[in-house]
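Here are the chains, one letter per residue:
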Amino acid sequence: MKPHVSDAIILRHSDYGDADRIVIFYARDLGLLKGFARNARSSRRRFGAALEPFAQVRVHWIAPRGEGLASLREVELEDLRAGLRARLDALALAAYGCELVEELFGDGAPHPEVFDLLGAFLDAMAHGDGEGLPGIRLLLEMRLLRAAGYVPHLLHCSECGDAAAEAEVAFSAARGGRLCARCASGRAGLWLSPLTLGTLARCLKTADVLFSGFRFGAQTLLEGQAVLRDALALHLSRPLRSQAFLERFSVGHEPGKGG
Ligand SMILES: [Zn+2]
């Protein structure tokens, strides 16, 4: 049987038995796939470093019969993205980005734009002269929300449409996004500057693969992070495994408080 060849990004892997490995990868042409790499651990020559998380690869694989795993025949390493492995905070963000993609786009449908976005996000950290990590995270989260069709209302009240420039507006993802003071009537947990929401909206006017040339202020990063946490939580069925570790490096985190 002739193998199918996919450009892919390795999201993660886990050990299986004594010698094998199960690999979760995101293919540009087919979306999220699970593969079985026989003898990946017993023979380093077989796949080398090509199964490492965040690597850009070309996977030669045989489709499963029915519900099983794809069988990985050969994996060509194109870019290990070694640069991001030197920093714990970049590794934490990379793992979080991959888990977000797996959760939001694990439906078996292809999303080539998500593949391109994820690759550019990982490149920004591996080869990066772009934004700092909080800015890279904000851009990724906004763009993934859009790709999933979940962008909340940012520029006007989601309930009455009011777009007046108040000093502070409320935000509640569960109620659709931005809320004016009258509609929020004290019940929304998050209050912030409408300028932050304007900046988030402007992020979506830039190319998905662009991660440099932005300059986010400290208030935008702090408030933007809270908005995105609320907006993403609405669409995730469970807390992400990678999130607790990532939050240790987040803007506004107080050392020693855990989480
Ligand atoms: Zn309103």
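This structure is a prediction, so every number in the text was calculated from the model and none was measured. (Residues numbered from 1 in each chain as written. Predicted model: local features only at pLDDT ≥ 70, side-chain atom pairs only at ≥ 80, totals over all residues.)

Asks: Whenever I open this one, the overall build of the protein confuses me. Can you help?
Replies: Along the backbone of the protein there are eight helices and eight strands. By the compact-globule yardstick of 18 Å for 259 residues, the protein fits well, its C-alpha radius of gyration being 20 Å. Taken along the three principal axes of its C-alpha coordinates, the protein extends 65 × 40 × 35 Å. Counting every position in the protein, which comprises 259 residues, the buried fraction comes to 37%. Within the protein, residue pairs in contact and separated by at least 24 positions form 60% of the contacts whose partners lie at least 6 positions apart. (Helix = DSSP H or I, 4+ residues; strand = E, 2+ residues; numbered from the N terminus. Rg over C-alpha atoms; globule rule 2.2 N^0.38 Å. Buried ≥ 20, exposed ≤ 12 C-beta atoms within 10 Å, placed from the backbone. Contact = placed C-beta atoms within 7 Å.)

Asks: Mind showing me how you'd approach the packing of helix H2 (residues 88–104) against helix H3 (residues 112–126) here?
Replies: Think of two packed helices as two axes; the pair is described by the angle between the axes and how far apart they sit. Their axes nearest at 10 Å, the elements H2 and H3 cross at an angle of 175°. Judged by the angle between their axes, H2 and H3 are roughly antiparallel. In this structure, H2 contributes Ala90, Leu93, Ala94, Gly97 and Val101 to the contact, and H3 contributes Val114, Leu118, Phe121, Leu122 and Met125. Classifying every residue of the contact of H2 with H3 gives nine nonpolar, one polar and no charged. (Axes fitted to C-alpha atoms, helices over the stretch in contact; angles between N-to-C directions. Parallel < 35°, antiparallel > 145°, perpendicular 65-115°, else oblique. Nonpolar A, V, L, I, M, F, W, Y, C, P; charged D, E, K, R; others polar.)

Asks: Please clarify how the sheet that holds strand E1 (residues 4–16) should be interpreted in this entry.
Replies: Backbone-to-backbone hydrogen bonds pair the strands of a sheet. The strands run either parallel or antiparallel. Sheet architecture is closed into a barrel: five strands sit in the order E1-E2-E3-E5-E4, paired in mixed fashion. Taking each pair of neighbouring strands and ignoring which way they run, the sheet shows an average axis angle of 50°. In terms of strand pairing, strand E3 (residues 31–37) meets strand E5 (residues 70–79) through two bridges, oriented parallel. Bridge pairing links Gly35 to Ala70 in E5. Of the strands in this sheet, E1, strand E2 (20–27) and E3 touch H2, which is tilted by about 110° from E1. Packing against the sheet, H3 makes contact with E1, E2 and strand E4 (56–62), and its axis sits at approximately 65° to E1. (Pairing = 2+ DSSP bridges.)

Asks: Just to check I follow, could you spell out the nonpolar core for this structure?
Replies: Within soluble globular proteins, side chains that are nonpolar tend to cluster in buried spots. Counting 71 residues, the largest nonpolar core has Ile10, Phe25 and Tyr26 as the members making the most contacts within it. Broken down by element, the residue count for this core peaks at nine residues, all from H2. Composition of this core by domain shows at least three residues from each of domain 1 (4–80) and domain 2 (86–153 + 170–247). Those residues in contact with Tyr26, other than ones at most four positions away along the chain, are Ala8, Ile9, Leu11, Gly31, Leu32, Val101, Phe115 and Leu118. (Core = buried A, V, L, I, M, F, W, Y, C linked by C-beta atoms within 7 Å. Domains from an automatic or database assignment.)

Asks: I keep staring at the domain arrangement of the protein and nothing clicks. Help me out?
Replies: Interface size, as often reported, equals the accessible area lost upon joining of the parts. Looking at the assigned domains, one finds that the protein contains domain 1 (4–80) and domain 2 (86–153 + 170–247). Each of domain 1 and domain 2 was reduced to a C-alpha centroid, and the two centroids are 28 Å apart. Listed by partner, the interface residues are 13 residues for domain 1 and 16 residues for domain 2. Among the elements of the structure, E1, E2 and E3 are those that each provide at least two residues to the side of domain 1 that touches domain 2. Counting residues per element, the side of domain 1 that touches domain 2 draws most heavily on E1, at three residues. For the side of domain 1 that touches domain 2, the per-class residue count stands at eight nonpolar, two polar and three charged.

Asks: Would you take a moment to explain the environment of Trp191 for this structure?
Replies: Of note, Trp191 is situated in strand E8 (residues 190–192). Using a count of 16 C-beta atoms within 10 Å as the deciding quantity, one classes Trp191 as partly exposed. Between the C-alpha atom of Trp191 and that of Ala181, which follows or precedes it by 10 residues, the distance is 9.4 Å. Sequence-distant contacts of Trp191, defined by excluding residues within four places in its chain, comprise Glu168 and Ala170.

Asks: Help me understand helix H4 (residues 133–148) in this model?
Replies: Because each turn of an α-helix spans 3.6 residues, side chains separated by three or four positions in sequence point in the same direction. Taking 1.5 Å per residue, 16 residues should reach 22 Å; H4 reaches 22 Å between its end C-alpha atoms and fits that length. In terms of burial, H4 is largely enclosed, as 13 of its 16 residues are buried. Positive backbone phi, at 80°, marks Gly149, one or two positions downstream of H4. (Expected span 1.5 Å × (residues − 1).)

Asks: How should I be thinking about H2 in this particular structure?
Replies: Relative to the 24 Å expected for 17 residues at 1.5 Å per residue, H2 spans 24 Å between its end C-alpha atoms, a close match to the ideal helical length. Looking at H2, one finds that the buried residues are Ala90, Ala92, Leu93, Ala94, Ala95, Tyr96, Gly97, Cys98, Leu100 and Val101.

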